[in-house]
Amino acid sequence: MMTKSFQFTAPLAVLLWFCLANGAVAHGFGGDMTLLLQIKIGAKLVLANTEIMLALIASGLIISVWNIADAKRGLASFYTGVVLGFPLVFVMQIDLIWVGLLLSIAMGGMIAMNKFAPKQVLWLCLAGAGASLMSLGFLGHELTGMPPFILGNFLFTATLVLIGALVVGLLVKMYSHLAWVPIVLRILGSWISAIAILAGAFFIGMPG
Amino acid sequence: MPRLLSTVIVTVLVFAAAVLPASAHTEVGAVGGLVSGFLHPISGFDHVVAMVAVGIWGAYLGQPSIWLLPVVFPTIMAFGGALGVLGIPVPPVEIMIALSGVVLGLMIVFAVRLPPVVAAVIVGIFAVFHGYAHGVELPSAANPLTYAVGFVVGTGFLHAIGIGFSLLRAIPKGDVLLRGVGAFISLVGLAFLTGIVA
């Protein structure tokens, strides 16, 4: 019962925590932005960062293969990772970009081969992917100095992408009797792995 | 139904023939990188025929090759791309790309039925060189990350066209037509290999 309520409250608490964070004014963002602009910036921080998108899509697709109970645990793991990622990145200065990329390669590979690691391992993967969202701090953005509404929208958009991928995965399950549908999912998984490999090579080949 | 199929195939071929020459890397920003990456595999005819051939051969071999080859190709291609980005030297890339067209075209012509793993290894070897060719241009792209997304998706698009071509088998004499497509692919590869087309 405890665990069940935790699964619901943890993601909600994280979202609220980010939305209600202190009203610090960012250096580069300015204090008089319109609400619409803040929504746009928050969304763009997710949609324009390939590494973050990969981790989100891979996580959503992985969660979609489970039943509802396990999927809830998967979501809880993901958002627990988001919470843990904040101190890891901004206090301990650990660069989690690589964690996100490596997990995207691994999760994409599992989707492509339709062979999955044990649930416990996947929960850890999801927590890692959640934590890697905070790697945004290493991509030229200072989350600690960002207006809280942008941060909230960043997380909201990330949740939308995650849920979107989850829905795609569920649709594939629903229409798996059509021969080409599971193939599409496998190909999508291989694309995630391939793009993550290239992104990794780019980060090594062109540091900074 | 066969009439509809023929119409669809002819339409696809007409559109494929009417593609305009692409000017690579002229776009800017994230969207520019995406467009540039998507157009890169499509703008090189030697790449196009080889990747279409992968789709046709995979579909011809049936399960599991129909998904295995299009899954293996982009993943291994990414490793090749990584070698290109990192500047690790690889043996004559253009020769291997042209050779891929010749070999994969011949696989279709002679309807070679290899075990899925062997087919995947052959496709994977060629994928390294295709990836390398894209990879060396990655760092100079408008946005390398979205360029990577674009070229992986562009490659998948070409595989899908190849799988679409394999529907020719459903129409009368379709198998012969498909082998003809294989012969065309092989000849294009040969033209690049011998330097008739550069």
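Source: prediction; values computed, not measured.

Criteria and thresholds
- Residues numbered from 1 in each chain as written.
- Chains lettered and ligands numbered in written order.
- Predicted model: local features only at pLDDT ≥ 70, side-chain atom pairs only at ≥ 80, totals over all residues.
- Heavy atoms only, no water.
- pLDDT = per-residue confidence, 0-100.
- Contact = heavy atoms within 4.5 Å.
- Core = buried A, V, L, I, M, F, W, Y, C linked by side-chain atoms within 4.5 Å.
- Buried < 20%, exposed > 50% of the residue type's maximum accessible area, 1.4 Å probe, protein only.
- Helix = DSSP H or I, 4+ residues; strand = E, 2+ residues; numbered from the N terminus.
- Expected span 1.5 Å × (residues − 1).
- Patch = residues over 30% accessible without salt bridge, like charges linked within 9 Å, V, L, I, M, F, W, Y side chains within 5 Å.
- Areas by Shrake-Rupley, 256 points an atom, 1.4 Å probe, with all protein chains shown as cover.
- Salt bridge = Lys/Arg side-chain N within 4 Å of Asp/Glu carboxyl O.
- Phe/Tyr/Trp six-rings, centres within 6.5 Å; stacked < 30°, edge-to-face > 60°.
- Buried area = accessible area lost by both parts, 1.4 Å probe.
- Polar contact = N/O pair within 3.5 Å; in protein donor to acceptor, adjacent residues only side chain to side chain.
- Axes fitted to C-alpha atoms, helices over the stretch in contact; angles between N-to-C directions.
- Left-handed = near helix turned anticlockwise from the far one by under 90°.
- Nonpolar A, V, L, I, M, F, W, Y, C, P; charged D, E, K, R; others polar.

1. Structural notes on the confidence of the model for chain B
Residues and elements named next belong to chain B.
No. 1: Scored by pLDDT, chain B comes out at a mean of 83, with 83% of its residues at no less than 70.
No. 2: Taken together, the stretch residues 17-26 has pLDDT below 50 and engages in eight contacts with residues farther than four places along the chain or on a different chain.
No. 3: Reported for the predicted complex are a pTM of 0.79 and an ipTM of 0.79.

2. A few points about the nonpolar core
Generally speaking, a soluble globular protein has its nonpolar side chains buried in company with each other.
No. 1: Leu 56 and Phe 78 of chain A together with Trp 57 of chain B are the most contacted members of the largest nonpolar core, which has 108 residues in total.
No. 2: Here this core gets 14 residues from one element, more than from any other, and that element is helix α8 (residues 180-205) of chain A.
No. 3: The contact partners of Phe 78 of chain A, leaving out residues within four places of it in the chain, are Leu 56, Ser 59, Leu 126, Ala 127, Ala 129, Gly 130, Leu 133 and Leu 162 of chain A.
No. 4: Listed in part, the six residues of the second largest apolar core include Val 90, Val 93, Phe 129 and Ala 133 of chain B.

3. Overview of helix α8 (residues 174-194) of chain B
Residues and elements named next belong to chain B.
No. 1: Taking 1.5 Å per residue, 21 residues should reach 30 Å; α8 reaches 30 Å between its end C-alpha atoms and fits that length.
No. 2: Every buried residue belonging to α8 is among Gly 174, Leu 178, Val 181, Gly 182, Ile 185, Ser 186, Val 188, Gly 189, Ala 191 and Phe 192, and all of these are buried.
No. 3: On its buried face, α8 is in contact with α3 (45-61), α5 (93-109) and α7 (144-165).
No. 4: Positive phi appears at Gly 195, one or two residues downstream of α8, with a value of about 85°.

4. Description of a nonpolar patch on the surface
All names here are of chain A.
No. 1: A surface patch of nonpolar side chains, about 750 Å² in accessible area, is lined by Ile 163, Val 167, Leu 171, Met 174, Tyr 175, Leu 178, Trp 180 and Val 184.
No. 2: Secondary-structure elements contributing two or more residues to the nonpolar patch are α7 (148-174) and α8.
No. 3: Ranked by residues supplied to the nonpolar patch, first place goes to α7 with four residues.
No. 4: If you trace the backbone, Tyr 175 turns up in the loop between α7 and α8.

5. Things to note about the environment of Leu 106 of chain B
All names here are of chain B.
No. 1: By secondary structure assignment, the location of Leu 106 is in helix α5.
No. 2: Linking Leu 106 and Met 51, residues 55 residues apart in sequence, is a C-alpha distance of 14 Å.
No. 3: When near neighbours in sequence (up to four residues on either side) are disregarded, Leu 106 contacts Val 112 and Ser 186.

6. Considerations on the packing of aromatic side chains
To describe a pair of aromatic rings, one takes the distance between the centres and the angle between the planes.
All names here are of chain A.
No. 1: The full count for this structure, using the stated rule, is six aromatic pairs over all chains.
No. 2: Between the aromatic rings of Trp 66 and Trp 123, the centroid separation amounts to 6.4 Å while the plane-to-plane angle is 65°, which identifies the pairing as edge-to-face. Residue Trp 66 is found in the loop between α3 (50-64) and α4 (68-90), and its partner Trp 123 is found in helix α6 (residues 119-132); the two are separated by 57 residues along the sequence.
No. 3: Judged by its relative accessible area of 10%, Trp 66 falls in the buried class.

7. As for the interface of chain A and chain B
No. 1: Listed per partner, the contact involves 21 residues of chain A and 24 residues of chain B.
No. 2: Buried area between chain A and chain B, both sides added, is near 2000 Å², and the carbon and sulfur share of it is 87%.
No. 3: Applying the counting rule to chain A against chain B returns zero salt bridges.
No. 4: Joining chain A to chain B, the criterion identifies zero residue pairs in polar contact (both at pLDDT 80 or more).
No. 5: Among the elements of the structure, α3, α5 (97-113) and α8 of chain A are those that each provide at least two residues to the side of chain A that touches chain B.

8. Focus: the packing of α3 of chain B against α8 of chain B
Residues and elements named next belong to chain B.
No. 1: Axis separation between α3 and α8 bottoms out at 10 Å; the angle between their running directions is 145°. Between α3 and α8 lies a crossing of left-handed hand. Along its contact with α3, which presents Phe 45, Asp 46, Val 49, Ala 53, Ile 56 and Tyr 60, the element α8 presents Asp 175, Leu 178, Arg 179, Val 181, Phe 184, Ile 185, Val 188 and Phe 192.
No. 2: For the contact of α3 with α8, the residue count by class is eleven nonpolar, no polar and three charged.

9. A short note on the pattern of salt bridges
Residue and element names in this part refer to chain A.
No. 1: Scanning all chains against the criterion turns up four salt bridges over all chains.
No. 2: Here Asp 70 and Arg 73 are joined by a salt bridge, their closest N and O atoms 3.1 Å apart. Within this pair, Asp 70 and its partner Arg 73 are both found in helix α4, separated by three residues, close to a single helical turn.
No. 3: Connected through shared salt-bridge partners, Asp 70, Arg 73 and Lys 119 make up one network.

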